[in-house]
Each structure stands twice: as C-alpha cells, then as structure tokens.
2 protein chains.
Amino acid sequence: MQNFEYCNKTKIIFGRGTENQVGSEIAKMLPDAKKILLHHSGGFAVKSGLIDRVMKSLKGSGISWVELTGVQPNPRLSLVREGIEIAKRDKLDMILAVGGGSAIDSAKAIAVGAVNDGDVWDFFDRKKAADKALPVATIVTIPAAGSESSISAVITNEEGPWKRGINFQCIRPVFSIMNPELTYSLPPYQTACGITDMMAHIMERYFTKEPNVELTDELCEGALRTIIRNGRKIFSGGENDYAARAEIMWAGALAHNGLLDTGRIGDWASHALDHELSALFDIAHGAGLAIIFPAWLKFNINENNEAALTARLARFAAKVWGVDGAFYDLKQAALEGVYRMENFFKSIGMPVRFADANIDTSRIPEMVKRVVHFGPIGQYRKLDEKDALAIYKLAAE
Amino acid sequence: MQNFEYCNKTKIIFGRGTENQVGSEIAKMLPDAKKILLHHSGGFAVKSGLIDRVMKSLKGSGISWVELTGVQPNPRLSLVREGIEIAKRDKLDMILAVGGGSAIDSAKAIAVGAVNDGDVWDFFDRKKAADKALPVATIVTIPAAGSESSISAVITNEEGPWKRGINFQCIRPVFSIMNPELTYSLPPYQTACGITDMMAHIMERYFTKEPNVELTDELCEGALRTIIRNGRKIFSGGENDYAARAEIMWAGALAHNGLLDTGRIGDWASHALDHELSALFDIAHGAGLAIIFPAWLKFNINENNEAALTARLARFAAKVWGVDGAFYDLKQAALEGVYRMENFFKSIGMPVRFADANIDTSRIPEMVKRVVHFGPIGQYRKLDEKDALAIYKLAAE
C-alpha cells in the first residue's frame with residue numbers, strides 16, 4: 001500500500017425531495033453567494049419542472065441567478081468560454097450545475113476560468129494548474145460520471161477536436177444534491193451509459209499493480225456487484241424502483257470520490273482510449289467505455305504475463321462476475337469474466353464492438369496517434385502506440 | 001434506503017513517516033494555531049521517541065505547545081476538566097491528540113469545553129448540544145476507535161461512574177496522521193481490542209432494519225472480511241507486517257467515519273451494554289464488546305422472528321464468516337456464524353464470556369438498571385430491562 005492523503009469535503013444531500021433544499025443549502029454554506037450561474041442543458045430538466053423547483057428554492061433564499069443553458073454530452077469549450085465571460089461580467093459568486101457529468105464538468109471549467117487569468121484551455125492542455133475556482137454545487141440528474149464529488153472535469157475543444165481532463169482539488173463541489181427519483185425518467189440508453197461509466201471508474205482503480213490493497217479491492221468488488229445487480233433490476237422493469245435507482249446513484253458517487261483510490265494508483269488507459277473515440281465520433285462516454293474495456297482486458301489477459309497481474313484479472317472474474325475460482329487456468333477464468341461483462345453490457349443495450357456503434361475503423365491509425373499525444377498511457381501496463389493499436393483492433397473484431 | 005447527508009472533512013494523511021509532517025500540516029491548515037495542547041498518555045509514545053519527533057516537527061513550524069499527559073483507557077472526566085482549564089488559561093488554538101481513541105476522545109471533550117460555557121459533562125448528559133469546539137488533530141497510534149475521523153467521543157465520569165458519549169460535527173478532527181509502523185509495538189491485547197472495536201463499529205451499522213441498503217451492506221462485509229484476514233496475519237507472526245497493519249488501520253478509520261451509515265440507522269445496543277461493563281469494571285472497550293456482541297447476536301437469533309432480520313443474521317454468517325449458505329435453516333446458519341466469530345475472538349486473545357474477564361456477575365442487575373437509564377436501547381430490536389438481562393445472562397453462560 002502506498003502512502004496517501006484522502007479528504008473529500010463535498011457534502012452529499014441524498015434522497016427524495018432534496019432538490020428543494022438547494023436555496024437554503026447555498027444560504028447556509030455560502031452566505032456570500034447572492035448571484036449565481038444556473039447551468040444546465042435546457043432540455044428535460046426544464047420540461048420536467050425540476051428547474052422551476054430549483055428557481056423557487058433559490059428565490060426563497062434570496063438568491064438571484066443568470067441562466068446558461070445548452071450543455072450537451074461531451075461538453076464543449078465554447079460554452080465554457082461563454083460561461084466564464086458571464087461569470088466575470090456579472091461578478092457571479094458560484095456555479096450551480098443541474099444535470100449529469102456534462103453539466104457539472106462544464107460548470108467546473110467555468111469555475112476555474114472565472115477566477116484565473118489566461119486561456120482556460122491551458123489547464124486542460126497541461127500547461128498550468130489551478131488552485132482556486134468559484135465554488136461549484138450540483139443537483140445530479142444522471143448517475144454516471146461521479147463528478148458530483150470528484151476533482152475531475154473533462155471538456156471537448158471543438159477546434160481539435162480534443163477531449164481532455166483536469167484534476168484539481170479546488171473544483172470539488174461544495175455540495176451535491178442527489179435525488180434518485182430524478183433518474184426515473186432517464187432514457188434507458190443514458191441509464192446504461194451511466195452504469196457503464198461508473199463501473200469503468202471503479203475498474204480503472206481496481207486494475208493496479210500495487211500489492212496489499214485488500215480493503216479497497218473489497219470495496220471496489222462490492223460496489224461493482226451492487227451496480228450489476230441493481231442495473232439488472234432497473235432493466236427488468238425497475239425504471240421506477242427507488243431502491244435500485246438509489247443504489248446506482250450512490251455507487252456512482254463513491255466510484256469516483258477518491259476513496260477507492262487510497263493507497264494505490266489506478267490505470268486510466270481505457271479512459272484515454274475512449275476519449276479519442278468520443279472526440280472523433282461524439283459517442284457517449286459510457287458507450288465508448290463498454291467497447292474499450294473488454295478489449296483492454298483481453299489485451300492484458302493475453303499480453304501480461306506477470307503472475308500477480310494475471311491473478312488480479314482472474315480475481316476480478318471470480319469476485320465480480322461469479323466465475324468459479326477453480327483456478328486451473330487463471331487466464332481462462334479471466335476471459336470468462338470478460339465474456340460475462342460483455343453479456344451484461346449487451347443486456348443493458350450497450351455496444352461492445354466498434355461495429356455496434358458505427359465507428360469508422362479506418363480512423364484507428366489516427367486515434368492511435370492521438371491517444372499517445374502526451375506519451376504512453378496507463379499504469380497497469382504502460383501502453384505505447386503499438387499496444388493502443390492492438391486494443392483498438394480487439395474492439396473492432 | 002433513508003434520506004441522508006454525508007460529509008467527512010477530516011484529511012487523512014496515511015503512511016510511513018507521516019508523523020513528521022504534523023508541524024507543517026498545522027501551519028498549512030490552521031495558520032492561526034500558534035500554541036496548542038499536546039495531549040497523550042505520557043507512556044509508550046514518549047519512550048518510543050514518537051513525542052520527540054512530534055515536538056521537533058512542531059518546533060520546525062514555529063508552533064509552541066503545552067503538554068497534558070496522563071490519558072488512560074476509558075478516558076476520565078477529571079483530566080478533561082484539567083485540559084479545559086489549561087486551554088482557557090493559555091488561550092490555546094487547537095488540541096493535538098497523540099494516541100488511540102482515549103487520547104482523541106479526551107482531546108475532543110477538552111475542545112468542546114474550552115469554547116463553551118458551563119459544565120462540559122452536560123453535553124454528555126444530553127442536556128446540551130455543541131456546535132463549536134477548538135480544532136482537533138490527531139496522530140493515531142492504536143487503530144481501534146475510529147475517533148480519528150468521527151464525530152464521536154466517549155468519556156468516563158468517575159463520580160458515577162458513568163461512561164457516556166457525544167456526537168457533534170464540530171469535534172470531527174481537521175486532520176489525522178496514520179502511520180501503520182507506529183502500531184508494530186502495540187501489545188497483542190491492545191491490537192486485539194482494536195480489531196474487535198472496529199469490527200463492532202461495522203456490525204453496529206450492519207445490523208439495521210432498513211431494507212435496500214445493498215451498497216453499504218457490501219462495503220461493511222468487505223471491510224469485516226479484510227479486518228478478519230489481516231487480523232489473523234498479525235496474530236500469526238505478522239506483528240511487523242506493514243501491509244497487514246495498514247489494512248487494519250485504514251479499516252478502523254472507515255469503520256467509523258460515517259460512510260457505512262449512509263441511508264440506514266445502526267443499532268448501537270451492544271455499545272450501550274458494554275459501556276456499563278467498562279464503567280463498572282474498567283474493562284477495555286474492545287474486550288467488553290467481544291463478550292457482548294456474540295450474546296447480542298444469539299439473543300436476536302433466538303428472539304427475533306421477523307423474516308428479514310433472520311435473513312440478515314444468516315447473510316452476516318455467510319458473507320463474513322463463510323458459512324455455507326444452504327439456507328435450509330437460517331437460524332442455524334446464523335448461529336454457526338456466531339460460533340466462528342467467537343472462535344476468531346478467542347484466537348486473538350479476546351474474552352467471550354464474563355468469566356474470561358473476571359466480571360462479577362452478581363452486579364448484572366445493577367448493569368441492567370443503568371443501561372436503560374435513558375430508555376430502551378438499540379434499533380434493530382428495541383431492548384428493555386428484561387432483554388438487557390437476557391443478553392447479559394447469555395454473556396455469563
């Protein structure tokens with residue numbers, strides 16, 4: 001186990017009706033926040049009446065706002081720039097994101113740009129680090145990204161297109177409101193993308209070379225089992241099953257709040273491999289991960305011959321996917337796990353190969369070049385161009 | 001799952017050598033803290049050189065201190081009063097506890113008394129609640145109480161004697177330093193008491209009537225398995241096994257940091273039943289719990305006939321103790337779990353009956369009267385005098 005520091009200051013307010021506390025919570029936690037940016041897609045959150053309830057709650061606590069709508073999946077830098085301009089012009093005190101990871105990440109990027117000089121993209125381009133940002137709070141409507149209590153944000157720069165992320169303590173939300181009822185009406189595809197995304201967040205952490213991280217291994221495996229079981233419930237007529245929606249929602253936050261990282265270094269190659277997919281094809285992040293992760297696993301099962309790594313791959317199959325741990329052949333057990341994972345993804349409507357998502361495989365060479373832009377990716381096994389090509393090819397098979 | 005709020009602001013600094021960061025961490029997090037109370041037992045922490053290292057680190061950051069030693073297990077109100085007087089007299093800015101739960105709980109009580117008027121015992125006597133306290137930081141030397149990131153403190157008032165607890169957000173430590181190496185030299189009895197204590201913290205939360213708390217069930221079970229496995233390692237010649245000590249130490253903090261509570265209400269009857277034991281006989285908290293918990297489980301297995309509760313008791317046996325889940329007879333499976341738990345406690349040198357700890361059973365009637373002082377105890381099943389008597393009798397068998 002490595003030395004680590006862990007602190008997560010986001011206050012989680014979880015449960016039925018909690019969105020109506022947003023005004024009083026801001027007044028309590030950020031008494032100086034008089035005028036805020038209300039940031040969302042402008043779509044279903046408006047139609048469903050959620051934004052009306054939010055506005056009522058803000059008004060009730062004497063908080064005024066400027067609205068910035070138009071957030072879309074793979075949130076765009078151009079909208080971030082617009083938000084920064086508004087926040088500076090109107091001297092806004094905080095950003096309230098209502099939505100999923102896209103709205104929250106967009107809000108975080110605005111929060112950084114609003115109080116730091118220079119071009120906000122420089123932070124994503126790894127030219128600068130930020131230690132200050134406007135406070136961000138969230139009302140989560142899509143359990144997926146875990147951005148509601150994370151230090152991460154991912155933005156797409158349309159000019160490249162480039163999809164890149166930042167990780168700064170200062171962008172961790174001050175509070176996040178999570179009402180599972182708000183997720184009843186999600187289209188099944190979005191629910192499935194969310195489930196895949198949070199599973200990927202856990203798996204990126206699970207696949208580590210660090211030995212002696214048993215507690216976090218157990219927590220990762222338990223969270224994954226919970227997501228799989230409750231995902232199945234939702235996709236077996238349980239769209240409005242509060243309990244199942246609540247398990248998924250809470251697991252999505254824990255998946256990415258830093259706890260499952262403690263003492264270990266995660267891999268994150270699959271996220272990098274997917275970022276090129278979504279940058280070029282605008283495919284949903286979760287769907288891209290459903291394609292990439294099985295391929296990444298197969299690559300490691302075949303190419304990685306360190307005993308400890310093979311054991312971890314087999315353990316993953318046994319503990320998470322219930323593969324019988326007879327262990328005559330660890331690689332065989334690990335492959336059976338991947339097979340079951342693919343079946344699960346398919347059962348909730350996710351693609352598992354490029355063809356399922358109409359990805360143009362002729363652009364693989366371009367993706368390979370882009371993905372190693374900053375150097376080799378991953379930790380579990382460092383991947384160079386050749387490895388990335390092999391994984392993309394497995395995804396195309 | 002119930003609505004909940006969750007926020008844990010304690011910064012955990014975990015790993016080898018981290019105690020040497022204490023001065024710089026105070027300077028960074030609490031720049032106004034110029035003079036602090038350094039609170040510890042005065043025993044092994046001094047002899048081992050730890051206190052010297054702490055003082056050197058404080059000096060290096062320009063922080064001065066007043067020392068208050070003499071903390072003992074089941075920390076005493078009289079020492080707390082002394083600390084409060086010193087903190088007020090010397091206008092101290094924070095309290096640094098070095099030790100286990102006793103030092104930390106004592107520090108928390110001093111922190112409350114130092115900035116609130118009136119008698120500090122009133123807070124323990126449930127006459128008042130506190131919303132302010134001096135900042136508390138800790139260097140943990142005994143993984144057990146989980147007080148390093150909890151909102152709880154338990155103090156013994158020698159006049160009763162009464163042993164009572166408080167739960168206030170304001171006493172949650174601002175940071176806690178946890179170096180597993182500092183626990184190598186713990187006497188086996190203290191290691192075992194700590195293991196039992198942290199297991200009890202998880203079990204108190206695990207045994208809930210709240211349905212649909214699957215994620216936290218999984219996390220509790222995973223943490224318990226990790227503690228049992230690594231406890232066995234330590235007691236099989238692994239006293240200086242960093243990995244095992246680290247798993248135990250981190251699990252002890254997670255056991256009591258609020259995460260495993262989310263969405264559910266724990267039971268806590270066993271803690272109340274043990275508090276009377278330690279108040280009257282000054283038995284270590286962990287040792288008392290090793291006696292009480294099996295008795296509490298047997299009582300519930302025999303007396304509780306709600307199907308969901310029986311299922312949870314059997315699940316505990318299956319998931320934590322590896323009892324074959326054939327499930328022909330859930331009560332039988334649950335009892336097998338208790339049997340294995342008792343064996344585990346015995347294997348690490350814990351008592352499991354009153355006789356093992358030389359408890360005078362003639363005082364059971366007195367304990368029964370005292371334990372229901374504030375009314376029935378527990379949530380999983382509300383226990384009145386008659387039930388408490390039955391459990392103490394099972395512990396005496």
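Higher on the page you've got the structure.
Structure report, in brief.

### Things to note about the overall build of chain A
Then step 1. When helices and strands are tallied, chain A shows 15 helices and eight strands.
Then step 2. Over its C-alpha trace chain A gives a radius of gyration of 21 Å, about what one expects of a compact globule, namely 21 Å for 397 residues.
Then step 3. The C-alpha extent of chain A, read off along each of the three principal axes, is 65 × 45 × 45 Å.
Then step 4. Across the 397 residues that make up chain A, the buried fraction comes to 62%.
Then step 5. Considering only residue pairs separated by 6 or more positions, chain A has 78% of its internal contacts joining residues 24 or more positions apart.
Then step 6. For chain A, the accessible surface area stands at approximately 14,300 Å², while carbon and sulfur atoms represent 50% of it.
Then step 7. Here chain A holds 46 positive side-chain charges and 48 negative ones, and the gap between their average locations is 2 Å.

### Some points on the pairing of strand β4 (residues 94-99) of chain A
Looking along a regular strand, one sees the side chains alternate between the two faces of the sheet.
All names here are of chain A.
Then step 1. Of all six residues in β4, six are buried; the element is thus mostly enclosed.
Then step 2. In β4, alternate side chains face the same way, and those of M94, L96 and V98 on one face and I95, A97 and G99 on the other are all buried.
Then step 3. Both strand β2 (residues 35-39) and β4 contribute to a ladder of four bridges, which runs parallel. Residue pairing across strands places I36 opposite M94, the latter belonging to β4.
Then step 4. Relative to strand β5 (residues 136-140), β4 runs parallel, the two sharing five bridges. Across the sheet, I95 pairs through a bridge with V136, a residue of β5.

### Quick word on the relation of the copies chain A and chain B
Then step 1. Placing chain A over chain B gives an RMSD of 0.0 Å and needs a rotation angle of 180°, together with 0.0 Å of translation along the axis. Such a combination of rotation and displacement between the chain copies is what one expects of a two-fold axis.
Then step 2. Interface overlap between copies is the fraction of interface residues in one copy that are interface residues in the other; for chain A against chain B it reaches 100%, indicating a shared surface.

### A few points about helix α14 (residues 364-371) of chain B
All names here are of chain B.
Then step 1. Inspection of α14 places I364, M367, V368, R370 and V371 among the buried residues, and these make up the whole buried set. One face of α14 carries all of its buried residues, which in axial projection span an arc of 165°. Among the exposed residues of α14, those pointing more than 90 degrees away from its buried face are P365 and K369.
Then step 2. Here the buried face of α14 lies against β7 (162-167), α10 (269-281) and α15 (385-396).

### A few points about the environment of E214(B)
Then step 1. Mapped onto the elements of the fold, E214(B) is located in helix α8 (residues 214-234).
Then step 2. Accessibility expressed as a relative area gives 16% for E214(B), which makes it buried.
Then step 3. For the pair formed by E214(B) and A388(B), sequence separation is 174 residues and the distance between their alpha carbons is 30 Å.
Then step 4. Not counting residues within four places of it along the chain, the set of residues in contact with E214(B) comprises T226(A), R229(A), N230(A), K233(A) and E247(A).
Then step 5. Separated by 2.9 Å, the side chains of E214(B) and R229(A) make a polar contact.

About the criteria used
- Residues numbered from 1 in each chain as written.
- Chains lettered and ligands numbered in written order.
- Predicted model: local features only at pLDDT ≥ 70, side-chain atom pairs only at ≥ 80, totals over all residues.
- Heavy atoms only, no water.
- Helix = DSSP H or I, 4+ residues; strand = E, 2+ residues; numbered from the N terminus.
- Rg over C-alpha atoms; globule rule 2.2 N^0.38 Å.
- Buried < 20%, exposed > 50% of the residue type's maximum accessible area, 1.4 Å probe, protein only.
- Contact = heavy atoms within 4.5 Å.
- Areas by Shrake-Rupley, 256 points an atom, 1.4 Å probe, with all protein chains shown as cover.
- Lys, Arg positive; Asp, Glu negative; His and termini not counted.
- Charge placed at Lys NZ, Arg CZ, Asp CG, Glu CD.
- Pairing = 2+ DSSP bridges.
- Least-squares fit on C-alpha atoms with pLDDT ≥ 70 in both.
- Arc of directions from axis to C-beta.
- Polar contact = N/O pair within 3.5 Å; in protein donor to acceptor, adjacent residues only side chain to side chain.

From the geometry alone we can't say anything about function, so treat these as descriptive.
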